[in-house]
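Residues per chain are reported as follows:
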Amino acid sequence: MTSLQIGFAGLGAVFVLIALRVPIGVALGGVSVVGIAVLRSPQAALGALGALPFDFAAHWSLSAVPMFLLMGAVAYHTGMTGSLFRAARLWLGFLPGGLAVATNFAAAGFAAASGSSMATAAAMGRLAIPEMLRARYEPGLATAVVAASGTLGSLIPPSILMVLYGIFAEQPIGRLLIAGIVPGLLTAAVYAAMIILRCWLNPALAPRAEEPAGWAERLAALRQVWPIPVLVLAVIGSLYGGVATPTEAAAVGALAACGIAALQGRMSRAAMGAAVMEALEGTASIFFIAIGAVLLSRFLALSGMPGFLAGLMGSWAVDPLLVVIGASLIYLFLGCFLDPLGLMLLTLPVLLPMFQALNLDLVWIGVLVIKYLEIGLLTPPVGMNAYVVSGIVGKEVPLPTIFRGLLWFLAAEAVIMALLIAYPQISLWLPDLMGR
């Protein structure tokens, strides 16, 4: 058995183990250690197991992950996000499907303080779905808008997935985070346009049950949302202005969240304890999977598979667009079965050498990859955001109803992806203004 055959066999074994519900970090790491032992020696495998996890975990840029998680957890547990939905509802309620549109944009705001798609979906689901169902919104629309808009947490900075992509692709994390802003806002805008058009053509989807709010009530609600814009400015402003590195910007955001909560009198010992535990659990989970992916990268490199695939791709891909489309199909298919973090860290060791061989801009590729991971959160049978929302609504809205509602958002995603692939500058013009 050649090294290349061992590499392909190992990759197949990873997929089999994941299909058998083995934890993805265990599947990645276990197969990799065995593969390195077969390719080199058991001593080499133990050496890799001893050195690579530390080398990865000690990477300074990864300090941004627990800081961003802590910032989002503090914002949620101290109630900063509740007023965001109320203000969006008062300002946008006059539109066709106004509550759904408000949920969409409030999720974009929460994503900017969270960095996590599932956390965004869970928070907005508790706030928005009961109110939309009380207003007699069609259940598929009410639940699907929460699941879909929750995916903005993967793109709008701070994005945990962007940080990890930057480390694995060896790209500037600051540029990647800034590159997600315009595509994230574009996604929110296209979602909103689709909701408004659907509800205008079919008013029964979203009855207008309320009288428009007065200006005094709107302005009063607006005064309550200042913490979220301050957090966004603290992170993005320090990054874009070159005042802080991504790691320092994450620390600024976490400190700002704690300071705002204390200023509002909401920073209790219980809230801080819950936020810290949530950040610790999230960090441990992310690092465990990522270390497995690091070991997989070493195993595949030793097998020669990335170089083989890059050469194969370079020999037939006259047009780099074909490579992007091919990678898109891979992500769309695997996204139906794998969680986003595991999917990204499983595919990057194989696909990155191909992108590099064709001199594709890896910041632009990063935005596309994150977008496809978002879409995977919505597609059955393992659309994780749909399951998060289903867990909130229970038996009140069946899971198939949620997935049917998501079909409209997946159609909107097809339009968004076509624009992002056809016009890379949508992703690149803002980071290009920062310089390199």
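It should be noted that the structure appears before, not after, this text.
Residues numbered from 1 in each chain as written. Predicted model: local features only at pLDDT ≥ 70, side-chain atom pairs only at ≥ 80, totals over all residues. Heavy atoms only, no water.

As a further point, take the overall build of the protein. Secondary structure summary: the protein contains 22 helices and zero strands in total. In summary, the protein has a C-alpha radius of gyration of 22 Å against a globular reference of 22 Å for 436 residues, a match within 12%. Principal-axis analysis of the C-alpha atoms places the extent of the protein at approximately 75 × 45 × 45 Å. At a minimum sequence separation of 6, the contacts of the protein that also span at least 24 residues come to 80%. As displayed, the protein has an accessible area near 17600 Å², and 70% of this comes from carbon and sulfur atoms. Distance between charge centroids for the protein: 6 Å, based on 19 positive and 17 negative side chains. (Helix = DSSP H or I, 4+ residues; strand = E, 2+ residues; numbered from the N terminus. Rg over C-alpha atoms; globule rule 2.2 N^0.38 Å. Contact = heavy atoms within 4.5 Å. Areas by Shrake-Rupley, 256 points an atom, 1.4 Å probe, with all protein chains shown as cover. Lys, Arg positive; Asp, Glu negative; His and termini not counted. Charge placed at Lys NZ, Arg CZ, Asp CG, Glu CD.)

Inspection of the secondary structure puts glutamate 413 in helix H21 (residues 399-422). In terms of polar contacts, glutamate 413 uses its side chain to reach the side chain of lysine 371, at 2.8 Å. If near-sequence neighbours (up to four positions away) are discounted, glutamate 413 is found in contact with Thr187, Tyr191, Lys371, Glu374 and Ile375. (Polar contact = N/O pair within 3.5 Å; in protein donor to acceptor, adjacent residues only side chain to side chain.)

This part takes up a nonpolar patch on the surface. A contiguous nonpolar surface patch, about 420 Å² in accessible area, is contributed by Leu321, Leu322, Ile325, Leu329 and Leu332. A relative accessible area of 43% places leucine 322 in the partly exposed class. (Patch = residues over 30% accessible without salt bridge, like charges linked within 9 Å, V, L, I, M, F, W, Y side chains within 5 Å. Salt bridge = Lys/Arg side-chain N within 4 Å of Asp/Glu carboxyl O. Buried < 20%, exposed > 50% of the residue type's maximum accessible area, 1.4 Å probe, protein only.)

A full pass over the atoms with the stated rule returns three aromatic pairs. When the centroid spacing of 5.1 Å and the interplanar angle of 90° are considered together, the rings of tyrosine 191 and phenylalanine 409 count as edge-to-face. One end of the pair, tyrosine 191, is in helix H11 (residues 181-201); the other, phenylalanine 409, is in helix H21, with 218 residues separating them in the sequence. The buried category is assigned to tyrosine 191, whose relative accessible area is 0%. A residue is classified by how much of its surface remains accessible, and phenylalanine 409, at 0% relative accessible area, is buried. Considering the side-chain rings of tyrosine 331 and tyrosine 372, the 6.4 Å spacing of their centres and the 0° angle between planes classify their relative orientation as stacked. (Phe/Tyr/Trp six-rings, centres within 6.5 Å; stacked < 30°, edge-to-face > 60°.)

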